[in-house]
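Descriptive analysis of the structure
In case you want the letters, here they are:
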Amino acid sequence: MKSIFDTISFECSKNVTKTYSTSFSSAVRMLAPNIRQDIYNIYGFVRFADEIVDSFHDYNKEELFQLFQVDLDAALHNKISLNPVLNSFQHTVNKYQIPYELIAAFMRSMKLDLTKMTYDTYEEYAEYIYGSADVVGLMCLKVFVNGDEDKYNSLKDSAMRLGSAFQKVNFLRDLKADFEGLSRTYFPDTDLNHLNEDSKRKIIQEIEADFKAGFEGIVKLPLDAKFGVYTAYVYYRKLLTKLSRTPSSEIKNTRIRVPDYEKLGLVAKCYVNYKLKFI
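Keep in mind that this is a model prediction, so the values were computed, not measured. (Residues numbered from 1 in each chain as written. Predicted model: local features only at pLDDT ≥ 70, side-chain atom pairs only at ≥ 80, totals over all residues. Heavy atoms only, no water.)

**Topic: the packing of helix α8 (residues 149-173) against helix α10 (residues 197-218)**
Put simply, the rule reads: Axis definition: a line fitted to C-alpha atoms, limited for helices to the stretch in contact. Angles are taken between N-to-C directions and run from 0 to 180 degrees. Strands here mean DSSP runs of E at least two residues long; helices mean DSSP runs of H or I at least four residues long; both are numbered from the N terminus. Each crossing is labelled by how the near helix is turned from the far one, with a counterclockwise turn of less than a right angle marking it left-handed and a clockwise turn marking it right-handed. Only heavy atoms enter the contact rule, under which two residues are in contact if any of them lie within 4.5 Å. Classes in brief: Ala, Val, Leu, Ile, Met, Phe, Trp, Tyr, Cys and Pro nonpolar; Asp, Glu, Lys and Arg charged; the others, Gly included, polar.
Their axes nearest at 7 Å, the elements α8 and α10 cross at an angle of 145°. The way α8 lies across α10 gives a crossing that is left-handed. Residue-level inspection shows L155, S158, R161, L162, S164, A165, F166, K168, V169 and L172 of α8 in contact with α10, the latter providing I203, I204, E206, I207, A209, D210, F211, A213, G214, G217 and I218. Partitioned by chemical class, the residues of the contact of α8 with α10 number 13 nonpolar, four polar and four charged.

Okay, here's the thing in structure tokens:
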């Protein structure tokens, strides 16, 4: 029965999320049960695409990515895939009528990671972030508003800015891995060989502006989604605070993280704020 295969597929996407990102999976658990699985399905898809270009160094990544693209297109067209992650993703795409242009933009940015090492202009940088992060926020927003196009359009800009903020925090946190391990530099006009406090401050100010715009949308989200998205927002704000307090020389040489005990405290604080209607 197809329903049994779908159940297995959904569990696979859920396990991908829990295994690859404990922080994000914790935030997903704060979403209402009726939308939780669909966010797992989206994350499983974007995680697998990202892993192809970032991790499979002993294999032909270009060939694997092309095969993934072919399987993705077939899954969306046929409304089934023998790849459980793509099967669960197509389910969510078709359920919420997620536009293919969002998916195509994401895949374009992921494909760039196969060959492009530096982003020399702000336009290149912005285009990459749109495809790698903003559209993921928009896919999730399609789930959150459940077909309400007026709500979607009113929250679209803030969802993109929140996606940008999350991605830029990841870039700053992962400077060492991206620069030394993958030879990538995302921030334009920034010499990572000589990263200084002034350069770091400009990056953080940019992220703070994105967070401010993103928060304006969080408070307007449907109740089913608000607590979970707010939890992710608070976690990433905490991570940005830690990065802002870390000397630029140390950011280049280590990976800053939020310990598990602090994450638990943040979730508790988010719950109190949510219940007291501070958001």
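Now, onward.
**A look at helix α13 (residues 260-275)**
Under the convention used in this document: In this scheme, a helix's expected span is set at 1.5 Å multiplied by one less than its residue total. Buried means the residue's accessible area, taken with a 1.4 Å probe over protein chains only, is under 20% of the maximum for its type, while exposed means over 50%, and partly exposed covers the values in between. What the arc describes is the spread of directions from the helix axis to the C-beta atoms.
Look at α13: 23 Å from first C-alpha to last across 16 residues, which is about the 22 Å you get at 1.5 Å a residue. Among the residues of α13, those classed as buried are E262, K263, L266, C270 and N273. Taken down its axis, α13 places every buried residue within 100° of arc, on the same side. In α13, the exposed positions angled more than 90 degrees off the buried face are occupied by Y261, L264 and K275. If you follow the buried residues of α13, they end up packed against α2 (22-28) and α11 (223-244).

**Side note on the side chain of R47**
The condition is simple: Here a polar contact is recorded for every N or O atom pair within 3.5 Å, except that within protein the pair must consist of a potential hydrogen donor and a potential acceptor, and residues adjacent in sequence are included only if both atoms are side-chain atoms.
Turning to its location among the elements, R47 is positioned in helix α3 (residues 33-55). For R47, a relative accessible area of 17% corresponds to the buried category. Side chain to side chain, R47 and E51 meet in a polar contact 2.8 Å long. In contact with R47, other than residues within four places in its own chain, are V16 and Y20.

**Side note on the pattern of salt bridges**
Our working definition: Salt bridge criterion: a side-chain nitrogen from Lys or Arg within 4 Å of a carboxyl oxygen from Asp or Glu.
Counted under the stated rule, the structure contains 18 salt bridges. In this structure, E262 and K242 form a salt bridge, with 3.4 Å as the shortest nitrogen-oxygen distance. Placement of E262 in helix α13 and of K242 in helix α11 is noted, with a sequence separation of 20 residues between them. Classification of E262 as buried rests on a relative accessible area of 17%. We classify K242 as partly exposed; its relative accessible area is 23%.

**Considering the packing of α10 against α11**
Note the threshold: Should an angle fall under 35 degrees it is called roughly parallel, over 145 degrees roughly antiparallel, and 65 to 115 degrees roughly perpendicular, with every other angle called oblique.
For the pair α10 and α11, interaxial distance at closest approach is 11 Å and the crossing angle is 165°. When the interaxial angle is binned, α10 and α11 end up roughly antiparallel. Where α10 crosses over α11, the handedness of that crossing is left-handed. Where α10 abuts α11, its residues K200, I204, I207, E208, F211, F215 and I218 lie against K226, V229, Y230, Y233, Y236, R237, L240, L243 and S244. Residue composition of the contact of α10 with α11, by class: 11 nonpolar, one polar and four charged.

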